[in-house]
Amino acid sequence: MPRVNVDVMLKHEILDPQGQAVERALPTMGFEGVAEVRIGKHIELVIDDDVTDVQGLAEAVADKLLANPVIEAYTVTVVDG
């Protein structure tokens, strides 16, 4: 069965308070040299073998359910299948 990865990130023009909190915490924990942190989501889907357009199905799921296209961007990658 095909396996698909969907990665969802806030668009760069959208403030990422969670990423900023991690970014501020890193130097206090001894981690230097990190310039920017953005937090996102990684979703894995396993698609039935009988689906003919795996990429299209995964993109539709991402666009309608997994991401808010107004503030988030997503990538869909078929990793096997």
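Going by the structure above, here's the rest.
All values reported here derive from a predicted model rather than from experimental measurement.

Draft legend 1. Examining the overall build of the protein chain more closely. Within the protein chain one finds two helices and three strands. The order of α-helices and β-strands along the protein chain, N terminus first, is β-α-β-α-β. Computed over C-alpha atoms, the radius of gyration of the protein chain comes to 16 Å, more than 25% over the 12 Å expected from 2.2 N^0.38 for 81 residues, which places it beyond the range of a compact globule. Principal-axis analysis of the C-alpha atoms places the extent of the protein chain at approximately 50 × 25 × 15 Å. Within the protein chain, the fraction of its 81 residues that count as buried is 25%.

Draft legend 2. Structural view of the environment of glutamate 13. Relative to the assigned elements, glutamate 13 resides in the loop between strand E1 (3-10) and helix H1 (17-28). Sequence spacing of glutamate 13 and isoleucine 71 is 58 residues, and the spatial spacing of their C-alpha atoms is 8.5 Å.

Draft legend 3. Representation of the environment of leucine 57. In this structure, leucine 57 sits in helix H2 (residues 54-66). Ignoring sequence-local partners within four residues, the contact set of leucine 57 consists of Ile47 and Val51.

Draft legend 4. Quick peek at the nonpolar core. By size, the foremost hydrophobic cluster in this structure holds 12 residues: Val4, Val6, Val8, Ile43, Leu45, Ile47, Val54, Ala58, Ala62, Leu66, Ala67 and Val76. When contributions to this core are tallied by element, the ones reaching two or more residues are E1, strand E2 (40-46) and H2. No other element matches H2, which puts four residues into this core. If sequence neighbours within four positions are ignored, leucine 66 has contacts with Val6, Val8, Lys41, Ile43, Val61 and Glu72.

Draft legend 5. Expanded view of the side chain of aspartate 16. Relative to the assigned elements, aspartate 16 resides in the loop between E1 and H1. No salt bridge is formed by the buried aspartate 16, whose closest oppositely charged neighbour, arginine 38, lies at an N-O distance of 4.2 Å. Excluding residues that lie within four positions of it along the chain, aspartate 16 makes contacts with Leu10, Val37, Arg38 and Ile39.

Draft legend 6. The arrangement of the sheet that holds E1 in detail. Taken in spatial order, the three strands of this open sheet run E2-E1-E3, and their pairing is antiparallel. Two strands bound the open sheet, and with one partner strand each, they are E2 and strand E3 (72-80). Within this sheet the neighbouring strands show an average axis-to-axis angle of 20 degrees, counted without direction. Across seven bridges, the pairing between E1 and E2 is antiparallel. Paired with methionine 9 across the strands is glycine 40, a residue of E2.

How each quantity is defined
- Residues numbered from 1 in each chain as written.
- Predicted model: local features only at pLDDT ≥ 70, side-chain atom pairs only at ≥ 80, totals over all residues.
- Heavy atoms only, no water.
- Helix = DSSP H or I, 4+ residues; strand = E, 2+ residues; numbered from the N terminus.
- Rg over C-alpha atoms; globule rule 2.2 N^0.38 Å.
- Buried < 20%, exposed > 50% of the residue type's maximum accessible area, 1.4 Å probe, protein only.
- Contact = heavy atoms within 4.5 Å.
- Core = buried A, V, L, I, M, F, W, Y, C linked by side-chain atoms within 4.5 Å.
- Lys, Arg positive; Asp, Glu negative; His and termini not counted.
- Salt bridge = Lys/Arg side-chain N within 4 Å of Asp/Glu carboxyl O.
- Pairing = 2+ DSSP bridges.
- Axes fitted to C-alpha atoms, helices over the stretch in contact; angles between N-to-C directions.

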